[in-house]
Amino acid sequence: MILIFLDIGGMELLLIIFAIVVVFGPKKIPEMARKFGKAWAEVKKASYQIKDEINNEIDKIDHIEEKEQTSNSTEEKKTNK
């Protein structure tokens, strides 16, 4: 998905992988990949938590607005009688 956005072809991807191997060495790459994977998982977890918190707050606001509308309509019915 990101590769399409960046318009990276096969040769460019191989060149990037080769540069990473040369710079960091083949022994450090698995360790770096694990750390990157853990960091990415934390970012996803945090984003889900933020999304859930926002949705909870929206639900609370909607619930309060529904109560206000219900009480307003009940008061209007009483005053119209």
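Report follows, based on the coordinates. (Residues numbered from 1 in each chain as written. Predicted model: local features only at pLDDT ≥ 70, side-chain atom pairs only at ≥ 80, totals over all residues. Heavy atoms only, no water.)

1. Points about the overall build of the protein chain
Line of reasoning, step 1. Counting its secondary structure elements, the protein chain contains three helices and zero strands.
Line of reasoning, step 2. When the elements of the protein chain are put in sequence order from the N terminus, they spell out α-α-α.
Line of reasoning, step 3. Counting only residues that meet the buried cut, the protein chain has 1% of its 81 residues in that class.
Line of reasoning, step 4. Of the roughly 7,900 Å² of accessible surface on the protein chain, 65% is carried by carbon and sulfur atoms. (Helix = DSSP H or I, 4+ residues; strand = E, 2+ residues; numbered from the N terminus. Buried < 20%, exposed > 50% of the residue type's maximum accessible area, 1.4 Å probe, protein only. Areas by Shrake-Rupley, 256 points an atom, 1.4 Å probe, with all protein chains shown as cover.)

2. A short note on a negative patch on the surface
Line of reasoning, step 1. On the surface, a cluster of negative charge is made up of Asp59, Asp62, Glu65, Glu66 and Glu68.
Line of reasoning, step 2. Tracing the backbone through its elements, the reader meets Glu65 in helix 3 (residues 29–80). (Patch = residues over 30% accessible without salt bridge, like charges linked within 9 Å, V, L, I, M, F, W, Y side chains within 5 Å. Salt bridge = Lys/Arg side-chain N within 4 Å of Asp/Glu carboxyl O. Lys, Arg positive; Asp, Glu negative; His and termini not counted. Charge placed at Lys NZ, Arg CZ, Asp CG, Glu CD.)

3. Some thoughts on the packing of aromatic side chains
Line of reasoning, step 1. Applying the stated criterion across every chain, the model contains one aromatic pair.
Line of reasoning, step 2. Ring geometry for Phe36 against Trp40: centres 6.3 Å apart, planes inclined by 20°, an arrangement best described as stacked. In this pair, Phe36 and Trp40 both sit in helix 3, four residues apart, roughly one turn of the helix. (Phe/Tyr/Trp six-rings, centres within 6.5 Å; stacked < 30°, edge-to-face > 60°.)

4. Brief notes about a nonpolar patch on the surface
Line of reasoning, step 1. A cluster of nonpolar side chains, namely Leu15, Ile16, Phe18, Ile20, Val22, Val23, Phe24 and Met32, defines an oily patch on the protein surface of about 770 Å² accessible area.
Line of reasoning, step 2. In this structure, Val22 sits in helix 2 (residues 10–24).
Line of reasoning, step 3. For Val22, a relative accessible area of 56% puts it in the exposed group.

5. Regarding the environment of Val21
Line of reasoning, step 1. Residue position: Val21 is located in helix 2.
Line of reasoning, step 2. Residues within four places of Val21 in sequence aside, it is in contact with Pro26 and Ile29. (Contact = heavy atoms within 4.5 Å.)

6. Here's the deal with the pattern of salt bridges
Line of reasoning, step 1. If you walk through the whole model with that rule in mind, you get two salt bridges.
Line of reasoning, step 2. A salt bridge links Lys35 to Glu31; its shortest N-O distance comes to 3.2 Å. Of the two residues, Lys35 and Glu31 are both situated in helix 3; the distance of four residues between them amounts to about one turn of the helix.
Line of reasoning, step 3. Measuring nitrogen to oxygen at the nearest pair gives 3.5 Å for the salt bridge that ties Glu57 to Lys60.

7. Topic: helix 2
Line of reasoning, step 1. Here helix 2 is 15 residues long and its end C-alpha atoms lie 21 Å apart, about the 21 Å a rise of 1.5 Å per residue gives.
Line of reasoning, step 2. Looking at the residues trailing helix 2, positive phi occurs at Gly25, about 85°. (Expected span 1.5 Å × (residues − 1).)

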